[in-house]
Amino acid sequence: MKNLTLCIISCFFAGAVIAQNDIDSIIKQVERNNMSIQTNKKYWEAKRSEFKTGLTPYDPQVEYDYLFGSPVGAGNQKDFSVTQRLDFPTAYSRKKKLSTHQIAQTQLQQQVYRQNILLEAKLLTLHAIYLNKRGAELGRRLLNTQKLVTDYQKKLDKGDVIILDVNKAKLQLLNIQNEVKLNENEKQVLLTKITELNGGIAIAINDTSYPITPAIPEFELLDSTIEANDPIIKVYEQEKKILQQQISVQKAMNLPKIETGYHSQGILGQSYKGFHAGITIPLWENKNRSRTAIANLDYANSSAETHRLDHRLENKQYYEQLDIRLKMIGEYKELLSTLNNTTLLNKALSLGQITIIQYFYDESFYFTAYDKYLQTEWEYQQAVARLYKFQL
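So, here's what we can say about the structure. (Residues numbered from 1 in each chain as written. Predicted model: local features only at pLDDT ≥ 70, side-chain atom pairs only at ≥ 80, totals over all residues. Heavy atoms only, no water.)

### Some details on a nonpolar patch on the surface
Together, Val 62, Tyr 64, Tyr 66, Phe 68, Phe 80 and Tyr 262 make up a nonpolar patch on the protein surface, roughly 650 Å² of accessible area in all. Top element by residues in the nonpolar patch is strand E1 (residues 61-67). It accounts for 3 residues. In this structure, Tyr 66 sits in strand E1. (Patch = residues over 30% accessible without salt bridge, like charges linked within 9 Å, V, L, I, M, F, W, Y side chains within 5 Å. Areas by Shrake-Rupley, 256 points an atom, 1.4 Å probe, with all protein chains shown as cover. Salt bridge = Lys/Arg side-chain N within 4 Å of Asp/Glu carboxyl O. Helix = DSSP H or I, 4+ residues; strand = E, 2+ residues; numbered from the N terminus.)

### Remarks on the packing of helix H5 (residues 163-197) against helix H10 (residues 356-387)
As a packed pair, H5 and H10 sit with axes 10 Å apart at the nearest point and diverge in direction by 20°. In terms of orientation, H5 lies roughly parallel with respect to H10. Once H5 is placed against H10, the crossing between them reads as right-handed. Each of Asp 165, Lys 168, Ala 169 and Gln 172 in H5 lies in contact with H10, whose residues at this interface are Ile 356, Ile 357, Phe 360, Glu 363 and Phe 367. Grouping the constituent residues of the contact of H5 with H10 by class yields 5 nonpolar, 1 polar and 3 charged. (Axes fitted to C-alpha atoms, helices over the stretch in contact; angles between N-to-C directions. Parallel < 35°, antiparallel > 145°, perpendicular 65-115°, else oblique. Left-handed = near helix turned anticlockwise from the far one by under 90°. Contact = heavy atoms within 4.5 Å. Nonpolar A, V, L, I, M, F, W, Y, C, P; charged D, E, K, R; others polar.)

### Some remarks on helix H4 (residues 90-158)
Given a rise of 1.5 Å per residue, 69 residues ought to cover 102 Å, and the 103 Å separating the end C-alpha atoms of H4 matches this to within 8%. Following H4 by one or two positions, Gly 159 has its phi on the positive side, about 85°. (Expected span 1.5 Å × (residues − 1).)

### As for the packing of aromatic side chains
Evaluation of the coordinates by the stated rule reveals 10 aromatic pairs. Geometrically, the ring pair formed by Tyr 359 and Phe 360 is edge-to-face, given 5.4 Å between the ring centres and 80° between the ring planes. Considered together, Tyr 359 and Phe 360 belong to a single accessibility category, that of buried residues. Of the aromatic side chains, those joined through ring pairs into one cluster are Tyr 332, Tyr 366, Tyr 370 and Tyr 373. Sitting over the ring of Tyr 58, Arg 85 keeps its end group 4.3 Å from the ring centre. Above the ring of Phe 219, the side-chain terminus of Lys 316 is found at 4.7 Å from the ring centroid. (Phe/Tyr/Trp six-rings, centres within 6.5 Å; stacked < 30°, edge-to-face > 60°. Buried < 20%, exposed > 50% of the residue type's maximum accessible area, 1.4 Å probe, protein only. Lys NZ or Arg CZ within 6 Å of the ring centre and 35° of its normal.)

### As for the pattern of salt bridges
Taken as a whole and assessed by the stated rule, the structure comprises 18 salt bridges. Residue Asp 87 is joined to Lys 257 by a salt bridge in which the shortest nitrogen-to-oxygen separation is 3.8 Å. Of this pair, Asp 87 sits in the loop between strand E2 (77-86) and H4 while Lys 257 sits in strand E3 (residues 257-267), and the two are 170 residues apart along the sequence. Lys 257 carries the same exposure label as Asp 87, and that label is buried. With a shortest N-O distance of 2.9 Å, Arg 141 and Glu 137 are connected by a salt bridge. Placement of the pair is Arg 141 and Glu 137 together in helix H4, with a separation of 4 residues, close to one helical turn. Each member of the pair, Arg 141 as well as Glu 137, is classed as buried. A single salt-bridge network, built from bridges that share partners, covers Glu 227, Glu 237, Lys 240, Glu 305 and Arg 308.

### As for the sheet that holds strand E4 (residues 270-280)
Across the sheet, which stays open at both edges, the 4 strands sit in the order E1-E2-E3-E4 with antiparallel pairing between neighbours. Since the sheet does not close on itself, it has two edges, and those belong to E1 and E4, each with one partner. Ignoring which end each strand starts from, the neighbouring axes of this sheet average 15° apart. In this structure, E1 lies alongside E2, joined through 7 bridges in antiparallel fashion. In the strand pairing of E2, Asp 65 is matched with Asp 79. (Pairing = 2+ DSSP bridges.)

As far as function goes, none of this settles anything; it's purely spatial.
Below, the structure written as structure tokens:
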């Protein structure tokens, strides 16, 4: 009991202590230490190297033949050739442009992955702040109920109250103690998740106040800002550029390939030297590839529009959550600021104006309202965090 009380007292005064980590510093730590972000970064670095391959001409081919003549005296034949196969000239510039688009997309995909991890870290941190605020409130309730139990125990010893009243006070104390334990357990589970995101490095979160939220503009303006900065939309747009360029590359690949080189031949003491030239006619190798690239482009256009619509509806949902919860927060603040329910109830109880049962019954209404206020405030912060994910 003593250790639990000390724990709650420390939570009660946590708001007066300078927080060890604010949300921005926690997000920076996670970005620096998260193993998944580092692994994803290395993956896209490897892909960038891969997209730089295949931009040069084919390797030259060197051939040497030594043929023994038959019958004897027919002489031996020597053939030597160096050939170089080349795509149609426009293919190389188009391939290079395609590579540039593919490399640009890797940066966007890396940003999408990073933002998802950082948003998770931010939401967990906001949850921790909520639990800290709730822990502080539970601490106040615990201290008050402990005092009430002590006072009633003294009154029982004097014969001023009956044992049933003391038992009711003890039962209320037990309920609050269990709420405290559950709140602390939930926070420990949450901190374990944050530690995992932070590469196994523990982070202490003692904040009991949320970060200052930005002024929320009208939905249309906010949604357009989100769309303009949404990396997922940029990934889709970049994918469309890639597919358009792939169609351009495929058209160049459908043109004839050129083969040139040097060829020499020696037989019966005579030698022949000259140039080699050839052409590859693309009849079957690239069949249907252009059609496939066009179909992929149509799919990318459809996917981009679907994402835009889904994302807009999702943003609308979070925005509507902001509106209703902001109103609820204001109403709760206005009402709770005018009430000092515990003080009034303690005074009424000490004067014998209410029974212990009435005391706990009336107290439960105040507790419920305050808990709803804390939960609404937390939900508001979550919705803001999701809407402004693009800033991470």
